[in-house]
Every structure is written in C-alpha cells, then in structure tokens.
Amino acid sequence: VQVVLDPDLREDREAFNLTKVREVTFPLPTTAPPTLRCIPEVLLENVSHYLVATKRFEVAGVIHEDLQQLEPVLTYLLVFMSGSARARNPHLRAQLAECLDCLLPKEKASSAISTFVREQLFKTHPHRSRIVESLLDVFVGIEMTGQSVTFEQKFNYRRPMYTVMEYLWNLEEQKQCFKNLAADAEANMEAVNPPLFLRFLNLLMNDAVFLLDEALSNMASLRTMMAAREAG
C-alpha cells in the first residue's frame, strides 16, 4: 500500500526505496507511481488466495479477530479495488472483491467476539465510505476481461459481490452511499461516459436475465426428463 502512495512519478530516479510512511487518503491519485512496477502481481494473488482459503476451509485462528489487524487488510483491498490504475488485471480485482466477502461477519462464527469485531470493521473503518464505490467499480470492470471470457465466468466473478452488497445494504451508512451514487447517476444520465451506478444497473439486469434464462432452460429439461420417465 505504501508503494501506491509514493508521490514521486519520475522514471529516471536513482533509487526506488521508500523513505517515509504516508497516511492513506482517498481519492487516490489516478496515476500509479513507477515503484509499483517493482511489486510482482503474484504477491497480490497470494494474499487473495490466502484470505479465500481461510473462508472456504474455515481455518480457525489464522486471521486474528482483532480490529487493529483487520483494518489494514480492508485498507489494502480498497486501495487496489478503487480504480484500475493500481491493479489493471480485472481477474485479480475480482479476486480482491471476493476477499471482501471473506471479511464479512460469519453466519456460524466461533465466538460472538468474532462477529462483533467484523461488524465494527465495516462500521468504524476510516475509509468505509469508499467500500461501495470500490465494489461497484470492480463489478463493472469485470466486463473488461475480454471476449474470450464467457458470461458464466464473469457472473461467477460477480456472485460473491452480491453477498457483500446485501450485507452493506443493511448498514444505514452504506445504504446512503448506494443512494448517493444513484443520485449522481440520475443527474448525469446523459453524460458521454455513463456514471458508475448506471453501468452497474445495466450489468445487474443482464445477470437477472441470465439467471431467468437458466431457470427456464432447467425447467424445460426437467419437464422433458419427467415426460420420458412417465412414458417408461
């Protein structure tokens, strides 16, 4: 994260080492510093795979349920999710959004303290106002994965985000963030570049149509199988 905050954009620097710890403030610069090129993308992937594995396999004690230790993780996710300048790979950004799902309070938490800490993470994080916008930015950015990626894969990328959105919608402060983006989209509907929330709604409707089509196809297949079974 500190590499992203490097204000020196010169390409002909003698050294790229960081000499100062800077505070994370949003919005971040639209141009990524050249020092970010020194960070292999595989490091971000390793963090993503680690967080996802802790949720899928329900590994207890791997992530400390402490607010001071979870806050930097959420900050890291927001930094690389907000805008493609810092993480251009849409597949990687989709993985980061899935990591956000891993930080949600667990339905079957091992203790009430774990649930409380994770709830407070989304209620007291200093950059919590950026969660919704960053999440929607990744949601619409998945469409830039290329024509070779099937719609089903793009939908699978977006599926964990629906869980995060559902949880955020139940938080009044986060719900207001959704409403603010919607109001901005309504005010700039005729803009040359469609607002973020408008693009999100378009993809949301596409996903709904896809699910409806899948359901109708499965119902037709089921009817055919039942007819064949009755016919012996």
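Refer to the structure printed above.
Residues take numbers from 1 onward in each chain, read along the sequence in its written order. Local features in a predicted model are, by the rule used here, given only for residues with pLDDT of at least 70; side-chain atom pairs are given and counted only at 80 or more, and totals for whole chains, interfaces and linings are based on all residues. Each side-chain value is derived from all of the structure's non-hydrogen atoms; neither hydrogens nor water enter the calculation.

A. The arrangement of the overall build of the protein chain in detail. Secondary structure elements are taken from DSSP: a helix is a run of H or I of four residues or more, a strand is a run of E of two residues or more, and numbering for both begins at the N terminus. Looking only at helices and strands, the protein chain has eight helices and zero strands in total. Ordered by position from N to C terminus, the α and β elements of the protein chain give α-α-α-α-α-α-α-α. A principal-axis box enclosing the C-alpha atoms of the protein chain has dimensions of 80 × 50 × 35 Å. Should any heavy atoms of two residues lie within 4.5 Å, those residues are counted as being in contact. Partitioning the intrachain contacts of the protein chain with sequence separation of at least 6 by distance along the chain shows that 66% fall at a separation of at least 24. Accessible surface is estimated by sampling points in the Shrake-Rupley manner with a 1.4 Å probe; for residues, cover comes only from the protein chains shown. Entry remark: accessible area of the protein chain is about 14,200 Å², with carbon and sulfur atoms responsible for 55%. Of note, the protein chain has its 24 positive side-chain charges centred 1 Å away from the centre of its 30 negative side-chain charges. Only four residue types enter the charge count: Lys and Arg as positive, Asp and Glu as negative, with His and the chain ends excluded. Note that the charge is assigned to NZ on lysines, CZ on arginines, CG on aspartates and CD on glutamates.

B. The arrangement of the packing of helix α2 (residues 67-81) against helix α4 (residues 112-124) in detail. An axis is simply a line fitted to the C-alpha atoms; with a helix, the fit covers only the stretch in contact. Between two such axes, the angle follows the N-to-C directions and lies from 0 to 180 degrees. Contact geometry for α2 and α4: axes closest at 10 Å, N-to-C directions at 50°. Relative to α4, α2 is oriented oblique. Taken as a pair, α2 and α4 cross one another with a handedness that is right-handed. Contact with α2, carried on its side by L67, L70, E71 and L74, involves V117, R118, Q120, L121 and T124 of α4 and no other residues of that element. For the contact of α2 with α4, a count of residues per class yields five nonpolar, two polar and two charged. Note on terminology: angles under 35 degrees are roughly parallel, angles over 145 are roughly antiparallel, angles of 65 to 115 are roughly perpendicular, and the others are oblique. Two helices cross in a left-handed way if the nearer one is turned anticlockwise from the farther one by less than a right angle. They cross in a right-handed way if the turn is clockwise. Gly counts as polar in this scheme, as do all residues outside two lists: the nonpolar Ala, Val, Leu, Ile, Met, Phe, Trp, Tyr, Cys and Pro, and the charged Asp, Glu, Lys and Arg.

C. View of helix α5 (residues 131-141). With a 1.4 Å probe rolled over the protein chains alone, any residue whose accessible area is under 20% of its type maximum counts as buried; one over 50% counts as exposed, and the rest are partly exposed. Counting buried residues along α5, nine of its eleven residues qualify, which places the element largely inside the surrounding structure. Buried residues along α5 sit in contact with α2, α3 (90-102), α4, α6 (151-169), α7 (172-187) and α8 (196-230).

D. Up close: the packing of aromatic side chains. In this analysis, rings of Phe, Tyr and Trp, with Trp reduced to its six-membered ring, are considered paired at centre separations within 6.5 Å, and the interplanar angle assigns stacked below 30 degrees, edge-to-face beyond 60, and tilted for intermediate values. A complete count under the given rule lists six aromatic pairs for this structure. Here the aromatic rings of W169 and F178 are separated by 5.7 Å at their centres, their planes lie at 65°, and the arrangement is edge-to-face. For F178, a relative accessible area of 7% translates into the label buried. Three or more aromatic residues joined by ring pairs form one cluster here, namely F139, Y162, F197 and F200.

E. Focus on the pattern of salt bridges. A carboxyl oxygen of Asp or Glu within 4 Å of a side-chain nitrogen of Lys or Arg is what we treat as a salt bridge. Under the definition given, this model contains four salt bridges. R128 is the partner of E173 in a salt bridge, and the nearest nitrogen-oxygen pair spans 2.9 Å. Placement of the pair is E173 in helix α7 and R128 in the loop between α4 and α5, with a sequence separation of 45 residues. Note that R130 and E133 form a salt bridge whose closest N and O atoms lie 3.8 Å from each other.

F. Structural view of the environment of V132. Mapping V132 onto the fold places it in helix α5. Judged by its relative accessible area of 1%, V132 is buried. Residues V132 and P90, spaced 42 residues apart in sequence, show a C-alpha to C-alpha distance of 18 Å. Residues within four places of V132 in sequence aside, it is in contact with L168, Q174, C177, F178 and L181.

G. Molecular detail of the state of the cysteines. Any two cysteine sulfur atoms within 2.5 Å of one another count as a disulfide. Under the criterion given, the structure shown has zero disulfides. The structure places no disulfide on C99, whose sulfur is separated from the nearest cysteine sulfur, that of C102, by 5.4 Å.

H. Local environment of the nonpolar core. Among the nonpolar cores identified, the biggest contains 54 residues, and F80, L100, F122, L135, L136 and L168 are the most heavily contacted of them. Where this core is concerned, the elements lending two or more residues are α1 (41-56), α2, α3, α4, α5, α6, α7 and α8. The element contributing the most residues to this core is α2, with eight residues. In contact with F80, not counting residues within four places along its chain, are V4, L36, L44, R86, A87, R93 and L96. Note on terminology: a nonpolar core comprises buried Ala, Val, Leu, Ile, Met, Phe, Trp, Tyr and Cys residues joined through side-chain atoms within 4.5 Å.

I. Quick peek at the environment of L92. Along the chain, L92 turns up in helix α3. Sequence separation between L92 and L44 is 48 residues; the distance between their C-alpha atoms is 7.8 Å.

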